[in-house]
Amino acid sequence: MSHWRIAVVVLSVLVVPLAAAAAPAGKVVIAQGVDPTTLDMMNQSEQPASNVGAQMFEALLERDPSLKLVPVLAAEMPKLVAPTTWEVKLRRGVKFHNGEDFNADAVKFSIERLANPANKLRGSTSFAPIDRVEIVDPYTVKIHTKKPWPTFLAHIALRQASIIPPKEYAGKATADISRNPIGTGPFKFVRWAKDEEIVMEAFPGYWNGAARVKTVVFKPIPDDAVRVAALQNGEIDVAVNIPPHLANIIEKHPKVFLSTAPSIRTIQLMIYTHQMDSEHKPTGAYAGPTADKRVRQALAYAVDADEIIKSVMDGKAVRVPTMLPSLHFGYDPALKPIKQDLAKTKKLLADAGFPNGIDIVLNGPQGRYVRDKEVAEAVTGQLNKAGIRTTLRTYEFVNYLNNMVYVHKAGPVWLIGWGHPTMDAEAIYVPLFKSPNIFVNWHNPDFNGMAEEAQTMMDEKKRLAQYHRINKLWIEEVPAIPLYQQIDLYGANRRLSWKARSDELIRAYDMALKDGK
């Protein structure tokens, strides 16, 4: 897999840039499988929200098409001036959509809002190492961390670290920000009709020149076939998460085309071992058989992920031993995915005191990931054949997150996809498995301690060795069962020029319209 580019599509110009004086023109409609849960970028950890937010918000840094970190609202790359202090020079002449000036006050307000655990923002857990922001002058800040933090630069390039206007949002709740999102990006919010469309228009005061497109619309279309039909009919211009069995329709269509690339996302079954309270802290072992490690191991040996890749994903996926694809820091090429072994499943269940099998519920989303319901159905069938009597329940994605995942009611087993633009083990293990966190339903003090140590290791060789040790502990304890690394398929209208990138963002401001309509 070393020759593959990490997947994800971001629209990018393939033609000579338009003249700087050219006014924005035309409309582009982008269909995702689901609507965002929120437009407050700090209060989300989901790609659909980040795709929308990428049009309106900017952070201090971002990744260019080659995945290199580059300055955006920072005037240059931040400098480490002390073991726990980063100095950031800020770009001048930038305005928020409401007319406020971008400056050091905005950075301090935004970063401290994100990092403050009292704000209970869903995207904040990865930013816990940040201590405070010191204003040096109106266009210089120092960001202080509690300990040395090797992935600082990668994290402040994330969508959750978007900079927002302090005067407008001082004292405002996250719901108020979601209803009226204001950033410094090339597009300005117009309206959000929930579960129908999100509309934005080019911001004339954008610091980096006017966007090429005048109007951008995001639509949620959960049904794969309906999304592809809308692309064929010209109702939409870009469709994400094309299922493999519909790819040929797009490839053969005269007005649309298909783009394929391996994704940074993996799909996995998460397993409850502990119950968490409203503060995401463990209250004790989960009241069910998955609290026993042997049962979790039995589940892992009952699943045939290779068969799911072949029969459900039409081969458009790759097995992984952990949730770290090969281009992630912390990946260990010596580890191999386990193979289905029903004899081991039976023995492990008997050893755990369940010779007659167990009964569980598998919860999952519908319409969020490529063939997510079909994957969950295949897993359910395999578990049932292995003596693990499984009931499948699927939900609309926003409901799934808000009413089950975020409140720790998705157990004992639940399906989710996870990919992180930092491409670092920290961003996999900390938000999903280091308690307390909003996604975490496993409490292991040894793991927590090892993860905390890794978060402060500035020596890359030592940090890599630490994550290799963490990988092995994680595999032994089975808090999740990795199924596969996804290969993403995207469809687009031929009137657009774009190419695949690797940070899973669809940015309309990089889009070129061939016909100007």
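Residues numbered from 1 in each chain as written. Predicted model: local features only at pLDDT ≥ 70, side-chain atom pairs only at ≥ 80, totals over all residues. Heavy atoms only, no water.

Undergrad: Report on the sheet that holds strand 7 (residues 130-137), specifying residues and quantitative values.
TA: Strands pair in a sheet through their backbones, by hydrogen bonds, and they do so in one of two ways: parallel or antiparallel. Spatially, 5-6-8-7 is the arrangement adopted by the four strands of the open sheet, whose pairing is antiparallel. Looking at which strands have only one partner, the edges of the open sheet turn out to be strand 5 (79-82) and strand 7. The mean inter-strand angle of the sheet, taken between neighbouring strand axes irrespective of direction, is 30°. As judged from the six bridges shared by strand 7 and strand 8 (residues 140-145), these two strands associate in the antiparallel manner. In the strand pairing of strand 8, glutamate 134 is matched with lysine 142. (Pairing = 2+ DSSP bridges. Helix = DSSP H or I, 4+ residues; strand = E, 2+ residues; numbered from the N terminus. Axes fitted to C-alpha atoms, helices over the stretch in contact; angles between N-to-C directions.)

Undergrad: Summarise the packing of aromatic side chains; cite the residues concerned and give the values.
TA: How two aromatic rings sit relative to each other is set out by the distance from centre to centre and by the angle between their planes. If you walk through the whole model with that rule in mind, you get 16 aromatic pairs. An aromatic cluster is defined as three or more aromatic residues linked by ring pairs; in this entry it consists of Tyr429, Phe433, Trp442, Phe447, Tyr467 and Trp474. In this structure, arginine 368 packs its charged tip against the face of phenylalanine 397, placed 5.5 Å from the ring centre. (Phe/Tyr/Trp six-rings, centres within 6.5 Å; stacked < 30°, edge-to-face > 60°. Lys NZ or Arg CZ within 6 Å of the ring centre and 35° of its normal.)

Undergrad: Residue-level account of the pattern of salt bridges, with values.
TA: A complete count under the given rule lists 23 salt bridges for this structure. Taking the shortest distance from any N to any O, the salt bridge between aspartate 35 and lysine 194 comes out at 3.7 Å. Placement of the pair is aspartate 35 in the loop between strand 2 (27-32) and helix 1 (47-56) and lysine 194 in the loop between strand 9 (187-193) and strand 10 (197-202), with a sequence separation of 159 residues. Take aspartate 35: its relative accessible area is 3%, and that puts it in the buried class. The exposure class assigned to lysine 194 is partly exposed, which follows from its relative accessible area of 39%. Among the ionic contacts, a cluster of salt bridges with common partners joins Lys293, Arg296, Glu476 and Glu477. (Salt bridge = Lys/Arg side-chain N within 4 Å of Asp/Glu carboxyl O. Buried < 20%, exposed > 50% of the residue type's maximum accessible area, 1.4 Å probe, protein only.)

Worth remembering: the numbers are spatial, not functional.
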